[in-house]
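# Descriptive analysis of the structure
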Amino acid sequence: MIQLNSLAELVPVSNQLLALASDVPVWCFYGEMGAGKTTLIKAICDQLGVIDSMSSPSFSVVNEYETKSRETLYHFDFFRIKSNQEALDIGVDDYFHSDNYCFIEWPDKIQSLLPDHHVEISIKLVDDNKREINLMEHGKK
Ligand SMILES: Nc1ncnc2c1ncn2[C@@H]1O[C@H](COP(=O)(O)OP(=O)(O)O)[C@@H](O)[C@H]1O
Ligand SMILES: [Mg+2]
């Protein structure tokens, strides 16, 4: 379990998570609304050298970012998705098997479409400033 005691700890915590799982492309973020999923993903993307500002809160389901070293990564928010078919129509299979990082909010909405090999990150809101983070790797190759 990793403690995230303030926004200031986002950088070291992101690096800790990357040290544990940077070889796994698909990362699933679980946690209630306001737990800090978007915030943590943004911090991880910063550490990976994403150039685009990730300031578009209005992105629909998938947002694509590019890093300084010209790698592409994908950020998904499935909160509003209504069916697996809707996700398949967006092309999630191709994204999830692209070998690029895929950071996923509300993965439980499309649980059966997730690749076996993925990282589960659970964020628990302890209080306004404190979060508990758990990381588990599933379906290791
Ligand atoms: N580790 C943290 N410490 C303090 N505040 C945080 C932390 N993570 C997120 N927040 C704040 O909580 C709010 C919701 O965060 P957000 O990342 O949008 O949550 P989610 O995507 O899980 O709904 C934001 O105002 C954000 O600044
Ligand atoms: Mg969010």
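Residues numbered from 1 in each chain as written. Chains lettered and ligands numbered in written order. Predicted model: local features only at pLDDT ≥ 70, side-chain atom pairs only at ≥ 80, totals over all residues.

### Brief notes about the sheet that holds strand β2 (residues 26–30)
Strand order in the open sheet formed by seven strands is β1-β7-β6-β2-β5-β4-β3, and the pairing between neighbours is mixed. Among the strands making up the open sheet, the edge pair consists of β1 (2–4) and β3 (62–66). For this sheet the average axis-to-axis angle between neighbouring strands, irrespective of direction, equals 20°. Relative to strand β6 (residues 118–125), β2 runs parallel, the two sharing four bridges. Among the inter-strand pairings, F29 is bridged to a residue of β6, identified as I121. With respect to the sheet, helix α2 (residues 37–47) is in contact with β2, β3, β4 (72–77), β5 (102–105) and β6, its orientation differing from that of β5 by roughly 170°. (Pairing = 2+ DSSP bridges. Helix = DSSP H or I, 4+ residues; strand = E, 2+ residues; numbered from the N terminus. Axes fitted to C-alpha atoms, helices over the stretch in contact; angles between N-to-C directions. Contact = placed C-beta atoms within 7 Å.)

### A closer look at the site of ligand 1
Around ligand 1, the structure places 14 residues, and the nearest of them are A35, G36, K37, T38 and T39. Ranked by residue count, the leading element in the shell around ligand 1 is α2, at three residues. Broken down by class, the residue content of the shell around ligand 1 amounts to four nonpolar, seven polar and three charged. (Near = placed C-beta within 6 Å. Nonpolar A, V, L, I, M, F, W, Y, C, P; charged D, E, K, R; others polar.)

### Focus on the pairing of β4
If a strand is regular, its side chains alternate between the two faces of the sheet. Bridge count for β3 against β4 is five bridges, and the pairing is antiparallel. Its bridge partner being in β4, N63 is matched across the sheet by H75. The hairpin formed by β3 and β4 contains five residues between the paired strands, and R70 there has a positive phi angle of roughly 65°. Sheet topology places β4 next to β5; four bridges connect them, and they run parallel. The residue of β5 that forms the bridge with H75 is F103.

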